Structure formats: structure tokens, C-alpha cells
There are 2 protein chains.
Amino acid sequence: MLIGEYEHSLDAKGRLIMPAKIREDIGEKFIITKGLDGCLFGFSQTEWTNFEEKLKTLPLTNKNARDFVRFFLSGAIECEIDKQGRFLIASNLREYSSLEKEAVIIGVGTRIEIWNKEKWKAYNSDENISADAIAENMTMLGI
Amino acid sequence: MLIGEYEHSLDAKGRLIMPAKIREDIGEKFIITKGLDGCLFGFSQTEWTNFEEKLKTLPLTNKNARDFVRFFLSGAIECEIDKQGRFLIASNLREYSSLEKEAVIIGVGTRIEIWNKEKWKAYNSDENISADAIAENMTMLGI
DNA sequence: ATGTTCATATTCACCGATAAGCACTTTGTT
DNA sequence: AACAAAGTGCTTATCGGTGAATATGAACAT
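A brief look at the structure comes next. (Residues numbered from 1 in each chain as written. Chains lettered and ligands numbered in written order. Predicted model: local features only at pLDDT ≥ 70, side-chain atom pairs only at ≥ 80, totals over all residues. Heavy atoms only, no water.)

Within the structure, DNA strand D sits among 13 residues, and Lys13, Arg15 and Gln84 of chain A together with Lys13 and Lys83 of chain B are positioned closest to it. Sugar and phosphate atoms represent 28% of those atoms of DNA strand D found within 4 Å of the protein. The contact in question runs from a base oxygen of DNA strand D to an N or O atom on the side chain of Lys13 of chain B, over 2.5 Å. Of all the secondary-structure elements, those providing two or more residues to the surface near DNA strand D are strand S6 (86–88) of chain A together with strand S6 (86–88) of chain B. Here the residues of the surface near DNA strand D are counted per class, giving two nonpolar, two polar and nine charged. (Near = heavy atom within 4 Å. Polar contact = N/O pair within 3.5 Å; in protein donor to acceptor, adjacent residues only side chain to side chain. Helix = DSSP H or I, 4+ residues; strand = E, 2+ residues; numbered from the N terminus. Nonpolar A, V, L, I, M, F, W, Y, C, P; charged D, E, K, R; others polar.)

Here it is as C-alpha cells:
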């Protein structure tokens, strides 16, 4: 289970440290792709195949579904973590997610997400995560 | 059942003593997350896996669900209690809950809560938790 | 009251993870 | 061939996390 929030910075070549606590869960080789809300998604190999399976079940007759599948598959790249714990983020993905220097990596259960730090902070101060909304969701789930 | 209120202080590295009476209930490894009202939640592993199971059922395509899952999982970290009974609170969680020196740990049935002492006092002197208000809510709940 | 034990507080030292800079290699372009 | 750009790998310094040692204080028994 991938959890936690970690701040690190890209080096001049666009490489990022994979937090030590995530490294063993996600594996030496993993997949990153364009994510939702302006971040990047990262999947371990097994989670990626799960995800692909789900995409396959979508009806190709539906334009929305076709767009959705294209979005995720076209942006996907396999990454490898080097001896020093870093991985390179392809330039098109860096551009998509506005990653330049300061980044935040978060674990979200089955995947990680990579955010531009500023965007992450903005997202968190947004009303989309108000205490009320969270409390409401908690009771809905019976927590 | 987790109960009681305990005051302790963080050391220079951000570690906190787990009160002896809570230690055996919560286990050697447990999970802390961002909580509501500016405190942190702490769950035993069994309570946490229940929670995780529920989160897994939420749909990726729903923004509300994404927000909710992100809040709890990105804010979560597994903690281990060391030989001296202490555990480290990750810096982002310390920041979130304004924990610097004096802290209060309370047991709340299925979870513990960790508060900045000042915040805890302020919260308790608030009128929202006057004995009268609580009694009123109790009758509403049919107690 | 005194001593004993257990829990908590405080300080210090060490080690590993990370940041940052640099050099070398590869690839593609002119 | 020469160069620029991108990718890969190494080295060093720093900082945060971790464990050990010691001090303080409360609870309890004699």
C-alpha cells in the first residue's frame, strides 16, 4: 500500500529521487503516465497491468471512453530507478505536469502521484478538501 | 478500547513518547494520518486495514472520491515505536498539526488523536463542547 | 521516610538518505 | 567532423533519522 507525502527536487537533468519508503513497494522498474488534476501517476508493474485491464473493459464505442484510454496509454513510459535511487522523468511528462524544480511525491494506495510543489499546495488549500466534505465522506463510509 | 488523555513533549527530532497505557492496544507499528480540527489520527493496524478496504472501493473517475482518498493516504505514514517507547512524527504531519513541543495524546475508542497542547485547550474551552451542548446532542442520539 | 522500579525527558553520537555539482557518454544535428 | 543537447554515473557535503546513555520524576513497597 503506497502512502505518505515526500518533498524532493529535480536535478538539472530532470531526475527525481524516489523516496526510500516507496522504493521497495513500487519496484525497480515502474510506469509513469499523465494523471488527473495536473499531476503524474506512477504504477508498480503489477498495478499497471491491473489498470490496463480496467481500461480494456471500457466500451470503445463510446468517444469518452476512447479519449480516456488514449490519454493514459499514450502518456505512459517505463522508468528505471538508478543505483542512487533516482529516475528520469521524460520531458513531455515534465512539461505536462509543470515539473521544474520542487516536486512532491504522494502515495495514494495503488499508485503514486508526482506534483509540482506549488500546484500541490494550491490543491490542498482549495475548498475541495474542506473539513466538512471530509467529515461527510467519513460518515458515508461508516468510519 | 483506547481511552485517556496524556501530555508529553516532542524531542528535538520530532519524536513523541507513546503513553505506556496505549502502547499495548495500538501495537508496535501503527498508522498516523491527518485528522480533523487540526489534530492527527492514529490507528492500530487492524483499524487501518478496515479503513483502507473502504477506500479501495471508491471510483477513480469521481473527483470527490479522489480528493478524499488523497487526503487520507497522502497524509498517512506507518510509525514504529522504538525500544524507548517513542515514535517519529513526519515533518509534514508536524506542520499540518502545528506540533512543536507540547503535545496531548487522547484515546477516542477506535483511534488516538494527537494535538498541539494549546489547540487542545482552545478546543476544550470552546462553547461547542460545553457540557450542555453535549447533553443536548446525546438526547438527539437517543442516549 | 527510604529505596526500588518503571516511565518519561533530554542529550549526544553515528549512520544513511538526499542534494548538488561535475564529468563522461550517447544521440542527433548541422 | 564538430557541436549541442540529453542521459548516465560518480563524488562530496549536509541533514534528518535512529539508537544509546544518562537524568529526572512518579509510583510503590518496605
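Once you've had a look at it, read on.
On to the interface of chain B and chain A. Listed by partner, the interface residues are 27 residues for chain B and 29 residues for chain A. Contact with chain A buries area across many residues of chain B, yet Leu60, Phe68 and Arg70 of chain B alone supply 26% of it, more than any other trio. For the interface between chain B and chain A, the tally reads four salt bridges. The salt bridge involving Lys34 of chain B is made with Glu5 of chain A; its shortest N-O contact spans 3.8 Å. The interface formed by chain B and chain A includes eight residue pairs in polar contact (both at pLDDT 80 or more). Looking at the side of chain B that touches chain A, the elements with two or more residues in it are helix H2 (45–56), helix H3 (63–74) and strand S5 (77–80) of chain B. Take the side of chain B that touches chain A: its biggest share by element is 11 residues, from H3 of chain B. (Contact = heavy atoms within 4.5 Å. Buried area = accessible area lost by both parts, 1.4 Å probe. Salt bridge = Lys/Arg side-chain N within 4 Å of Asp/Glu carboxyl O.)

The next subject is the relation of the copies chain B and chain A. Each of the two chain copies can be generated from the other by rotation about an axis followed by a shift along it. After a rotation of 25° and a shift along the axis of 12 Å, chain B superposes on chain A with an RMSD of 1.2 Å. Comparing interface residues between copies, only 15% of those in chain B also lie at the interface in chain A; the contact surfaces differ. (Least-squares fit on C-alpha atoms with pLDDT ≥ 70 in both.)

Around DNA strand C, the structure places 20 residues, and the nearest of them are His8, Ala20 and Arg23 of chain A together with His8 and Arg23 of chain B. Counting only atoms of DNA strand C within 4 Å of the protein, the fraction found in sugar and phosphate groups is 84%. Between DNA strand C and the protein, one listed contact pairs a phosphate oxygen with a side-chain N or O atom of His8 of chain A at 2.8 Å. Taking Ala20 of chain B, its main chain carries an N or O atom lying 3.3 Å from a phosphate oxygen of DNA strand C. Where the surface near DNA strand C is concerned, the elements lending two or more residues are strand S1 (5–9) and helix H1 (20–26) of chain A together with strand S1 (5–9), strand S2 (15–17) and helix H1 (20–26) of chain B. The residue inventory of the surface near DNA strand C, partitioned by class, reads six nonpolar, four polar and 10 charged.

Looking now at the side chain of Arg86 of chain A. Residues and elements named next belong to chain A. By secondary structure assignment, the location of Arg86 is in strand S6. The buried category is assigned to Arg86, whose relative accessible area is 19%. At 3.3 Å, the side chain of Arg86 and the side chain of Gln84 are in polar contact. Excluding residues that lie within four positions of it along the chain, Arg86 makes contacts with Asp11, Arg15, Leu16, Ile17, Glu80 and Ile81. (Buried < 20%, exposed > 50% of the residue type's maximum accessible area, 1.4 Å probe, protein only.)

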